[in-house]
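Secondary and tertiary structure notes
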Amino acid sequence: MPAVPGIDPLDAALLALLAEEPRPGVLECSRRLGVARGTVQARLDRLRANGVIRGSAPQLDPAALGYPVTAFATLEISQGQGTDVRAHLASVPEVLELHTITGQGDMLCRIVARSNADLQRVIDRVVGFDGIVRASTAIALENPVPFRVLPLVEQAAGD
């Protein structure tokens, strides 16, 4: 499979380094990768400008914050209510992600809760909006493949 323009093995190595250790300085990255500081800075600037790197915030663990229960809710919404439903869901702190989808349902959201009992409170808050017609919820038991992007980076770089 051909490499994606703009992502090469050096970019992949830089992204892997940043994924492993999110806050090394440019000088430390250049030392570890064996390239000039200016090269690393230019690569970082380009990767940010192209949207490959979207931030440098720490990765937070909802379970460590007291929200160990993760669930996915598929929502059916009333026609024409998408904007209002999005605003409603954005106001619920336990809604971590929202995707519009095809197939069964219109939206899929990842939600967290303090316990299974607390999950009922969160679901009630999520569906307690006139624009949401129906919800189907599945509790996640385990996360054997957590969110990851590095395999895509390696593939894009032609590895």
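All of the points below concern the structure found in this document. This structure is a prediction, so every number in the text was calculated from the model and none was measured. (Residues numbered from 1 in each chain as written. Predicted model: local features only at pLDDT ≥ 70, side-chain atom pairs only at ≥ 80, totals over all residues. Heavy atoms only, no water.)

1. Focus on the environment of Gln41
Assignment of secondary structure puts Gln41 in helix 3 (residues 37-49). According to the relative accessible area criterion, Gln41 is partly exposed, its value standing at 25%. For the pair Gln41 and Arg125, spaced 84 residues apart in sequence, the C-alpha separation works out to 45 Å. At 2.9 Å, the side chain of Gln41 forms a polar contact with the side chain of Asp45. (Helix = DSSP H or I, 4+ residues; strand = E, 2+ residues; numbered from the N terminus. Buried < 20%, exposed > 50% of the residue type's maximum accessible area, 1.4 Å probe, protein only. Polar contact = N/O pair within 3.5 Å; in protein donor to acceptor, adjacent residues only side chain to side chain.)

2. Notes on helix 5 (residues 116-127)
With 12 residues, helix 5 should reach 16 Å at 1.5 Å per residue; the first-to-last C-alpha distance of 17 Å fits that figure. Three or more residues of helix 5 are buried, namely Asp118, Leu119, Val122, Ile123 and Val126. Viewed end-on, helix 5 has its buried residues packed into an arc of 145 degrees, placing them on one side of the element. The elements touched by buried residues of helix 5 are strand 1 (69-77), helix 4 (82-90), strand 2 (95-100), strand 3 (107-113) and strand 4 (132-139). (Expected span 1.5 Å × (residues − 1). Arc of directions from axis to C-beta. Contact = heavy atoms within 4.5 Å.)

3. Things to note about helix 2 (residues 26-33)
The complete set of buried residues in helix 2 reads Val26, Cys29 and Ser30. One side of helix 2 holds all its buried residues, which, seen down the axis, span an arc of 100 degrees. Those residues of helix 2 that are exposed and angled more than 90 degrees off the buried face are Leu27 and Arg31. The elements touched by buried residues of helix 2 are helix 1 (9-20) and helix 3.

4. Here's the deal with the nonpolar core
Counting 18 residues, the largest nonpolar core has Leu75, Leu89, Val95, Ile111, Leu119, Val126 and Ile132 as its most contacted members. Elements supplying a minimum of two residues to this core: strand 1, helix 4, strand 3 and helix 5. Among the elements that line this core, the one with the most residues is strand 1, at five residues. Not counting chain neighbours up to four residues away, the residues in contact with Val126 comprise Leu75, His88, Leu89, Val92, Val95, Ile111 and Ile132. Ranked by size, the runner-up nonpolar core spans 15 residues in total, among them Ala12, Leu15, Cys29 and Ile53. (Core = buried A, V, L, I, M, F, W, Y, C linked by side-chain atoms within 4.5 Å.)

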